[in-house]
Amino acid sequence: MLLKHLRAPSLFLLTLCTSAASFADYMVDILPPASPMAQNAYDLHFGILMVCVVIFFIVFGAMFWSIYAHRRSKGAKAAQFHENTAIEIVWTVVPLVVLVAMAWPATRTMLEMKDASGSDMTIKVTALQWRWQYDYQQDGLSFISNLATPRNQIDEREQAGKAKNEHYLLEVDHPVVVPVNKKVRLLITSQDVIHGWYVPQLGVNQYGIPGFIKDAWFTATKVGTFRGQCSQICGKEHAYMPIVVEVKSEADYAKWVQEEKAKMPPPAATMR
Ligand SMILES: [Cu+2]
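Residues numbered from 1 in each chain as written. Predicted model: local features only at pLDDT ≥ 70, side-chain atom pairs only at ≥ 80, totals over all residues. Heavy atoms only, no water.

### A few points about the packing of aromatic side chains
Here's step 1: According to the stated counting rule, one finds ten aromatic pairs in the structure shown.
Here's step 2: Measuring from centroid to centroid gives 5.8 Å for Tyr134 and Phe143, while their planes differ by 50 degrees, and the two rings are tilted. Both residues of the pair, Tyr134 and Phe143, count as buried.
Here's step 3: On the basis of an interplanar angle of 85 degrees and a centroid distance of 6.2 Å, the ring pair of Phe143 and Trp256 is categorised as edge-to-face. Residue Phe143 is located in strand β3 (residues 142-145), and its partner Trp256 is located in helix α5 (residues 250-263); the two are separated by 113 residues in the primary sequence.
Here's step 4: Accessibility expressed as a relative area gives 7% for Phe143, which makes it buried.
Here's step 5: In this structure, Lys183 packs its charged tip against the face of Trp217, placed 4.1 Å from the ring centre. (Phe/Tyr/Trp six-rings, centres within 6.5 Å; stacked < 30°, edge-to-face > 60°. Buried < 20%, exposed > 50% of the residue type's maximum accessible area, 1.4 Å probe, protein only. Helix = DSSP H or I, 4+ residues; strand = E, 2+ residues; numbered from the N terminus. Lys NZ or Arg CZ within 6 Å of the ring centre and 35° of its normal.)

### A short note on the coordination of the copper ion
Here's step 1: Those protein atoms acting as donors to the copper ion are His195 (ND1), Cys230 (SG), Cys234 (SG) and Met241 (SD), and they sit at 2.0 to 2.6 Å.
Here's step 2: For the copper ion, the four donor atoms are set out with angles of 94 to 127 degrees between them, so the coordination reads as tetrahedral.
Here's step 3: For Cys234, a relative accessible area of 4% translates into the label buried.
Here's step 4: Judged by relative accessible area, Met241 falls into the buried class, the value being 2%. (Donors = N, O, S within 2.8 Å, 3.2 Å for Na, K, Ca; no water. Tetrahedral: all angles 85-135°; square planar, octahedral: opposite > 155°, others 65-115°.)

### Examining the packing of helix α2 (residues 36-69) against helix α3 (residues 85-113)
Here's step 1: At a minimum axis separation of 10 Å, α2 and α3 run at an interaxial angle of 170 degrees. Accordingly, the angle class assigned to the pair α2 and α3 is roughly antiparallel. Where α2 approaches α3, its residues Met37, Asn40, Ala41, Leu44, Ile48, Val51 and Ile55 are matched on the opposing element by Val98, Met102, Pro105, Ala106, Thr109, Glu112 and Met113.
Here's step 2: Grouping the amino acids of the contact of α2 with α3 by side-chain chemistry returns eleven nonpolar, two polar and one charged. (Axes fitted to C-alpha atoms, helices over the stretch in contact; angles between N-to-C directions. Parallel < 35°, antiparallel > 145°, perpendicular 65-115°, else oblique. Contact = heavy atoms within 4.5 Å. Nonpolar A, V, L, I, M, F, W, Y, C, P; charged D, E, K, R; others polar.)

### Thoughts on the side chain of Gln133
Here's step 1: By the secondary structure assignment, Gln133 is in strand β2 (residues 131-136).
Here's step 2: Here the side chain of Gln133 touches Asp135 through a polar contact of 3.2 Å, side chain to side chain.
Here's step 3: Not counting residues up to four positions away in its chain, the partners in contact with Gln133 are Lys124, Val125, Thr126, Leu128, Ser142, Phe143 and Ile144. (Polar contact = N/O pair within 3.5 Å; in protein donor to acceptor, adjacent residues only side chain to side chain.)

Right, here's the structure in full:
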């Protein structure tokens, strides 16, 4: 009889387990960090989430236990502790200590994120409706980065239902290229409206504001391609101005700079 009752729940659990295996490819997490600041943000996120989980179990555990153990059918009488100074001090001081313990590392990370001093290179990032311009201060390079996903795929005019690119809406014609393990300072501004230069895996999210230059920085610790998007609603094509950062080894970066320089138009003849 008991077995019969258990059959449905065990089947349900079995289904859950098998589907968990098939969903293993779907990651429910923040993207893996690729810079120390992104790692700090990741650690803070999980650290503070754990604090919340512990508080949740303590509060709800105490509440449900009290409801169960001191129910009226057992003849429980409510305790009276109004104006209890000791309790009021405890429930003020404990949350205060918890909040300060969370705010301390969060503030330290925020301050570090804003400290772009001692950088190895500087790139000026200018936002435009709806593209990004990059000017390499040391290497003398300058280019504009546009969305590379074909318009046809976006509108699905001619090929409705056709599979989209792997990096649909997150691919550009001219990615930003930076060397690995170098502190890159970004000077971010805008030419028209407020935009946001946001690459989560590098731990940067900074507004580009017309008339102001805001700085941000990152040190990419992994070679690879990192993608982001404009993070501030900036008009009709806000969704179509992605950011792609390619992190290369130092030698590959130097090679890329040479190639780009060769592609640039020769400087205009000077006036005599
Ligand atoms: Cu924008």
